[in-house]
Amino acid sequence: MTPNSIAEHFDVSRQSVSKHLQILTECELLTKQQQGREIYYQLDIDKMKEIDKWLDQFRKIWESRFHALDNLLSKLKKGKK
């Protein structure tokens, strides 16, 4: 997609979208291809999978902590009744 077509889906300026696209490109999450006057950006799915795999270890920790918090809040709620 082009920066203009991406910006149409968000309530931000085209310049703001371009800045985000630049950062994501620098992080190698996006590739860009010039076609005439337009620049097209494409998501690098393999890189996103790599990030998801890295985040998974933290996701498991967060889920267990949220589950423990939920259990504690349920016990406290039952104790007040």
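Residues numbered from 1 in each chain as written. Predicted model: local features only at pLDDT ≥ 70, side-chain atom pairs only at ≥ 80, totals over all residues. Heavy atoms only, no water.

Notes on the environment of Tyr41
Of note, Tyr41 is situated in strand 2 (residues 38-43). A residue is classified by how much of its surface remains accessible, and Tyr41, at 14% relative accessible area, is buried. With 13 residues separating them in the primary sequence, Tyr41 and Trp54 have C-alpha atoms 24 Å apart. Here Tyr41 is in contact with Met1, Pro3, Leu21, Thr25, Leu30, Thr31 and Lys32, once residues within four sequence places are set aside. (Helix = DSSP H or I, 4+ residues; strand = E, 2+ residues; numbered from the N terminus. Buried < 20%, exposed > 50% of the residue type's maximum accessible area, 1.4 Å probe, protein only. Contact = heavy atoms within 4.5 Å.)

A closer look at helix 3 (residues 45-80)
Spacing of three or four residues puts side chains on the same side of an α-helix, whose turn is 3.6 residues. With 36 residues, helix 3 should reach 52 Å at 1.5 Å per residue; the first-to-last C-alpha distance of 49 Å fits that figure. The axis of helix 3 is deflected most strongly, by about 35°, at Asp56. Of the residues flanking the start of helix 3, the one acting as N-cap is Asp44, its side-chain oxygen 3.2 Å from the backbone nitrogen of Asp46. (Expected span 1.5 Å × (residues − 1). Bend = angle between axes of the 7 residues up to and from the residue. Polar contact = N/O pair within 3.5 Å; in protein donor to acceptor, adjacent residues only side chain to side chain.)

Regarding the pattern of salt bridges
Tallied over the entire structure, the rule returns 4 salt bridges. One salt bridge in this structure joins Glu28 and Lys47, with 3.7 Å as the shortest N-O distance. One end of the pair, Glu28, is in the loop between helix 2 (14-26) and strand 1 (30-35); the other, Lys47, is in helix 3, and 19 residues separate them in sequence. Residue class for Lys47 comes out partly exposed when judged on its relative accessible area of 22%. Residue Asp56 pairs with Arg59 through a salt bridge whose shortest N-O separation is 3.1 Å. Placement of both Asp56 and Arg59 in helix 3 is noted, with a separation of 3 residues, approximately one turn of the helix. Asp56 gets classed as partly exposed once you look at its relative accessible area, which sits at 27%. (Salt bridge = Lys/Arg side-chain N within 4 Å of Asp/Glu carboxyl O.)

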